[in-house]
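Read off the chains here:
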Amino acid sequence: QMEERNAAISGDRKKQIGSGSRSEKIRTYNWKDSRCTDHRLGMNVPLQGVLNGEFGSLIENCILKSQEEKLQELMESQN
C-alpha cells in the first residue's frame, strides 16, 4: 500500500514538472501580433496586459483547468 502511494505521488510530481523539453511550452510571447498564448489553456491574451502584470484571467483559467482535471481523475477512480 505504501509503494502504491509513493508511486502515485511520484507520478503526480512528474506530471507537474514534465520532461523539460522544448515541446512542453507554457507560454509564447508574440510581439508581432501583440499577443501572449498560454499553451496549457489554448488561450490568447493581449501581450500588453501580460507585460503590465495583468495575469488575473490566466490564473483563473489555470485554476479552472486544474479543478476540471482533478474532477475527471476522481470520476475515473470511481468507475
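In what follows, the structure referred to is the one given above.
Remember, it's a predicted structure, so these values are computed and weren't measured experimentally. (Residues numbered from 1 in each chain as written. Predicted model: local features only at pLDDT ≥ 70, side-chain atom pairs only at ≥ 80, totals over all residues. Heavy atoms only, no water.)

A. Here's a closer look at unusual backbone geometry. The phi dihedral of Ser 34 is positive, around 55 degrees, even though this residue is not glycine. Examined against the element boundaries, Ser 34 turns out to sit in the loop between β1 (27-30) and β2 (35-38). By relative accessible area, Ser 34 is classed as partly exposed at 41%. (Helix = DSSP H or I, 4+ residues; strand = E, 2+ residues; numbered from the N terminus. Buried < 20%, exposed > 50% of the residue type's maximum accessible area, 1.4 Å probe, protein only.)

B. Representation of the nonpolar core within the structure. Counting residues in hydrophobic clusters, the biggest one holds five residues: Cys 36, Val 45, Leu 47, Val 50 and Leu 58. Apart from the residues lying within four places of it in its own chain, the contact partners of Val 45 are Arg 35, Cys 36, Val 50, Ser 57 and Leu 58. (Core = buried A, V, L, I, M, F, W, Y, C linked by side-chain atoms within 4.5 Å. Contact = heavy atoms within 4.5 Å.)

C. Broad picture of the pairing of strand β3 (residues 43-46). Judged from the four bridges that link them, β2 and β3 form a sheet pairing that is antiparallel. Of the residues in β3, the one forming a bridge with Cys 36 is Val 45. Between β2 and β3, which pair antiparallel in sequence order, lie four residues; one of them, Gly 42, sits at a positive phi of approximately 65 degrees. (Pairing = 2+ DSSP bridges.)

D. Just the pattern of salt bridges, in detail. Under the defined criterion, the tally for this structure stands at three salt bridges. Salt-bridge contacts for Arg 27 lead to Asp 38; the nearest nitrogen and oxygen are separated by 3.4 Å. Here Asp 38 lies in strand β2 and Arg 27 lies in strand β1, a separation of 11 residues in the sequence. Residue Asp 38 pairs with Arg 40 through a salt bridge whose shortest N-O separation is 2.9 Å. On the basis of relative accessibility, which here comes to 0%, the residue Asp 38 falls in the buried class. You can call Arg 40 partly exposed: its relative accessible area is 35%. If you follow the salt bridges from partner to partner, you end up with Arg 27, Asp 38 and Arg 40 in one network. (Salt bridge = Lys/Arg side-chain N within 4 Å of Asp/Glu carboxyl O.)

E. Just the pairing of β1, in detail. Sheet analysis places β1 next to β2, joined by four bridges and oriented antiparallel. Counterpart to Asn 30 in the pairing with β2 is Arg 35.

In short, the description is geometric, and any link to function would need to be established separately.
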